[in-house]
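# Descriptive structure summary
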Amino acid sequence: MKLSIKRAVVLGSGVMGSGIAAHLANIGIPVLMLDILPKELTKQEENQGLTMEDKAVRNRLVNKSKKALLKQKPSPITSKDSLNLIETGNFEDDIGKLAGADWIIEVVTENLEIKKRIFQWIDEYRKEGSIVSSNTSGISVEAMIEDCSDDLKKHFLGTHFFNPPRYLKLLEVIPTKHTDESILSFMKEFGENVLGKGVVEAKDTPNFIANRIGTYGLLVTVQEMLKNGFSVGEIDSVTGPLIGRPKSATFRTLDVVGLDTFIHVAKNVYDKVEGNEKAVFDPPEFMKKMLDNGWLGAKTAKGFYQKKDGVIYELNPESLEYEERKKLKTAATEMAKQAKGSRGKLKALLSVKDDRAADLVWSIIKPVLLYSAELLGEIADDITAIDQAMKWGFGWDIGPFETWDAIGLRKVTERIQSEGQTVPDWVLELLERGYESFYKQENGQIFYYHKGDYQQLEMNPREFNLRLLKNEKNVIKKNNGASLIDIGDDVALLEFTSPNNSIGLDVMQMVSFAIEEAEKSYKGLVIGNQGKNFCVGANLALMLMEAQDDNFYELDMVIRQFQNMAMQIKYANKPVVSAPFNMALGGGAEISLPAAAIQASPETYMGLVEFGVGLIPGGGGTKELYLKELRNLPKGIDFDLSKIANDVFEKVATAKVSTSAKEALDNGYLDQFDAISANPDHLLYDAKQKVIALDQAGYRARTREKVPVAGNSGYAAMMLGAKSLQLSGYASEHDLKIAEKLAYVLSGGRIKAGTLIDEQAMLDLEREAFLSLIGEPKTQARMQHMLMKGKPLRN
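Okay, so let's go over this structure. (Residues numbered from 1 in each chain as written. Predicted model: local features only at pLDDT ≥ 70, side-chain atom pairs only at ≥ 80, totals over all residues. Heavy atoms only, no water.)

## Let's talk about the overall build of the chain
Helix and strand counts for the chain stand at 34 helices and 25 strands. Over its C-alpha atoms the chain spans a radius of gyration of 29 Å, differing by no more than 12% from the 28 Å that the globule rule assigns to 795 residues. Along the first, second and third principal axes, the C-alpha atoms of the chain reach 80 × 75 × 60 Å. Split into buried and exposed, the 795 residues of the chain put 55% on the buried side. (Helix = DSSP H or I, 4+ residues; strand = E, 2+ residues; numbered from the N terminus. Rg over C-alpha atoms; globule rule 2.2 N^0.38 Å. Buried < 20%, exposed > 50% of the residue type's maximum accessible area, 1.4 Å probe, protein only.)

See the structure below:
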């Protein structure tokens, strides 16, 4: 029987349970979320005459959790529609509904005895063959089901999501000795291809992989701070991006996680290990005092940091008083800042001798490298599982063994030995065999060291690695802004490589070349990359510099070229598929909207944001969003053009950005011809398949469109709304000026409503409005403020 999951049940509606339920709903799986009954009526319920038998009372706790999903930041849901797929109930009235579930996930309190009782319930009511799992963060999964039936044991495993489930990539799957191999294999595949996760198989040991090593590393860092007199702020200034870790570094991470949660996770290991390892997992006294005081971090607005009057202060661990935040600045930190990439920064930082920052980083990295090597075989079968768990669960750029390689395997080993510490035998054997790294690349493939030799790293066939592809000399052409790559199956890919993937003349030239090349030699073209963001728009600094130098002829030429590029994408003879992910702002949206189709990552934040810097879209974005909304209307019905124009006007004037690809669909940036990938790592594969499908369907170039415009009446309606905002104090005089230009473009000029105009006429209006606004001193002030502060200026 082929396994499938069409309906799920989540037992427990706390932050984690509701987050998992939301993630399942986000991907379209109907889910029943159950929780306990409340113990007594609230005053409000008493006043309403309700009793403990009323459904509203009995489901109060779980309904409250579902409602809270709308208010949580960052949002666990990708669209309000996701809530429609979450049904609620309680353990007493609705436990029989477990029989309809293909997957039952336990997410109750971290107490073994409670979990054992829950699994006995599940065993009684589930249907035979349904998959059952626990989201425990560290309790033995084997122990939970020791009293259950053989069928449940066979279909059971740990599935440890990381919080928040929507955003954190890691899913640790933990089989027991009873887990059927087909169930384990299915859940790994389902986790990657449907849930969109990075799946790592872990062993049933305390805290599994990521929490075991991550908690150890954080506590080692705290101990080093106390031992050598560093401050909280000094530690965070060097344990973040400087060494390939998240911006939250060490103590800001602990504040976000919550000190109570962190100490509970540490205790999981403390209770089950001995010796030196046990000592590390015993948090220092000052952290225990913080816990007693209720200084838990972000959720209590007081932890290792506290914000007062807009200023952030750091905690002094000795006095438990808050002081001015400090940073550690040395020759090593300055050298690291100049280096490129996490590997380069780390290597540069550690290359400086007798440096306070370099010594600190070495003293916290060395124990983690040794600990990871010592645990190989105990917590995971191979080094890739450990590296991937730390990257996907804790946001490290490079895992422990990749870090070892980055600094130099032999160099690190010799330094550890010279400092009197023991390196695990298997690492020494690797070096004795003449190998110089844990990983190596050959013929476009990655190999890792495993049990005496190198093995090829198995990758999901849907996963692309552009860096490896380019090493295979598949680059057709490149310049400073972009590369055109042959990605196989007669499909080409245009990759942006400019700073922040911004669009300049070099990128425009490559787009033009790429389309010409695709029309001659390929089935079609994908526009995508694997940078931090898809594209943050045009080069704002360059445009401001040209405007301040009064180079309006140059600016006019650049905007014309951008518009021509967008039209070339739209009317190409071969399908062009855009593959946006993360930020696709301004020009990033304008390069996607005219494509034959958009294949979006689930986390795609798309919007025309030019209004925020005193401009309107100049590359055809306003026109394309308007046309896309018109195309989405049902055929054969009358519609009010002014309403469509006003809707687009509001989105552009408020610089509205989607918070997900689903919301981009709701906002009109995506339509029925577009699609959303489940897994971000599969985005380019999916985009490539879309090109192939369009080609096989006999793709033909679009015919040039005439644009029905809202005209004078539409212009009046848009301006009425803008002036109302100004009179209410929500819009400045300059905002009104920008709004007037935008309304003029969307209405097609001062003409009769319903007039059909050529696309080029609307593009000319966009370009003229853009050039007029960029010459305004207040617009230039907004642009400069955005470049300097990263925030919009209201003037």
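Having seen it, we continue.
## Structural notes on the packing of aromatic side chains
Under the definition given, this model contains 20 aromatic pairs. Look at W295 and Y322: their rings are 6.0 Å apart centre to centre, the planes differ by 50°, and that puts the pair in the tilted class. Remark: Y322 occurs in strand β11 (residues 322-324) and W295 occurs in the loop between α14 (285-293) and β9 (305-308); sequence separation between them is 27 residues. Classification of W295 by relative accessible area gives buried; the value is 15%. Judged by its relative accessible area of 15%, Y322 is buried. Three or more aromatic residues link up through ring pairs in this structure, and these residues are F401, W404, W426, Y435, F438, Y449 and Y454. A cation over a ring is seen here: K278 above Y270, with NZ or CZ 4.2 Å from the ring centre. Taking the ring centre of Y313 as reference, the NZ or CZ of K308 above it sits at 5.8 Å. (Phe/Tyr/Trp six-rings, centres within 6.5 Å; stacked < 30°, edge-to-face > 60°. Lys NZ or Arg CZ within 6 Å of the ring centre and 35° of its normal.)

## Quick word on the pairing of strand β10 (residues 311-315)
Of the pairings in the sheet, the one linking β9 to β10 comprises 4 bridges and is antiparallel in character. Bridge pairing links K308 to V311 in β10. Connecting β9 to the antiparallel partner β10 that follows it, the hairpin turn spans 2 residues, and D309 within it adopts a positive phi of roughly 50°. Strand direction decides the pairing type here: β10 and β11, joined by 3 bridges, are antiparallel. Across the sheet, the residue bridging to E314 is E323, located in β11. Adjacent in sequence and paired antiparallel, β10 and β11 are bridged by 6 residues, among which L320 carries a positive phi angle near 60°. (Pairing = 2+ DSSP bridges.)

## Some details on the packing of helix α15 (residues 331-338) against helix α16 (residues 341-350)
For the pair α15 and α16, the least separation of the axes is 8 Å and the interaxial angle reads 155°. Classed by the angle they form, the pair α15 and α16 counts as roughly antiparallel. Considering the relative orientation of α15 and α16, their crossing is right-handed. Packed against α15, whose contacting residues are A332, T333, M335, A336 and K337, the element α16 presents K345, A348 and L349 at the interface. Tallied by class, the residues present in the contact of α15 with α16 amount to 5 nonpolar, 1 polar and 2 charged. (Axes fitted to C-alpha atoms, helices over the stretch in contact; angles between N-to-C directions. Parallel < 35°, antiparallel > 145°, perpendicular 65-115°, else oblique. Left-handed = near helix turned anticlockwise from the far one by under 90°. Contact = heavy atoms within 4.5 Å. Nonpolar A, V, L, I, M, F, W, Y, C, P; charged D, E, K, R; others polar.)

## Considering the packing of helix α28 (residues 641-653) against helix α31 (residues 711-727)
Where α28 contacts α31, the two axes come as close as 9 Å, and the packing angle between them is 40°. It follows that α28 is oblique to α31 by the angle criterion. The crossing of α28 and α31 is right-handed. Along the contact surface, α28 presents S642, A645, N646 and F649, while α31 presents G714, A717, M718 and A722. Looking at the contact of α28 with α31 residue by residue, the class counts come to 5 nonpolar, 3 polar and no charged.

## Remarks on the nonpolar core
If you look at the biggest cluster of nonpolar residues, it comprises 113 residues, and the most contacted ones within it are F304, W404 and F438. Broken down by element, the residue count for this core peaks at 13 residues, all from helix α17 (residues 356-375). For W404, the contacting residues outside a window of four places in its chain are L369, L370, A373, L409, V412, T413, I416, V427 and F438. Grouped together as the second largest cluster of nonpolar side chains are 97 residues, L493, I527, L540 and L641 included. (Core = buried A, V, L, I, M, F, W, Y, C linked by side-chain atoms within 4.5 Å.)

## Let's talk about the sheet that holds β9
Where strands meet in a sheet, backbone hydrogen bonds hold them as pairs that are either parallel or antiparallel. In space, the 3 strands of this open sheet follow the order β9-β10-β11, with antiparallel pairing throughout. The open sheet terminates on both sides in strands that have one partner only, identified here as β9 and β11. Here the strands of the sheet are splayed against their neighbours by 45° on average, with no regard to which way each runs.

## Here's the deal with the side chain of H682
The topology assignment puts H682 in the loop between β23 (675-676) and α30 (683-696). Among the residues examined, H682 registers a relative accessible area of 3% and is labelled buried. Contact partners of H682, with chain neighbours within four places excluded, come to E192, N193, N460, R462, E463 and S677.

## Digging into the side chain of S18
With respect to the helices and strands, the residue S18 is situated in helix α1 (residues 15-26). Classification of S18 as buried rests on a relative accessible area of 1%. A polar contact is formed between the side chain of S18 and the backbone oxygen of G14, at a distance of 2.8 Å. Residue contacts for S18: discarding those within four places in its chain leaves G12, S13, M33, S65, L69 and Q72. (Polar contact = N/O pair within 3.5 Å; in protein donor to acceptor, adjacent residues only side chain to side chain.)

## Structural notes on the environment of N135
Assignment of secondary structure puts N135 in the loop between β5 (131-134) and α6 (141-144). Spatially, the C-alpha atom of N135 lies 56 Å from that of G748, the residues being 613 residues apart in sequence. Look past the residues within four positions of N135 in its chain and what remains in contact with it is M16, I20, E106, V107, T159, H160 and F161.

## Regarding the pairing of strand β17 (residues 491-496)
In terms of burial, β17 is largely enclosed, as 6 of its 6 residues are buried. Residue alternation in β17 divides its side chains into two sets, V491, L493 and E495 and A492, L494 and F496, and both sets are buried. In the sheet, strand β16 (residues 482-486) pairs with β17 via 5 bridges, with the strands oriented antiparallel. Across the sheet, S483 pairs through a bridge with E495, a residue of β17. Hairpin geometry of β16 and β17 is characterised by an intervening segment of 4 residues between the two adjacent antiparallel strands and by a positive phi of about 90° at G488.

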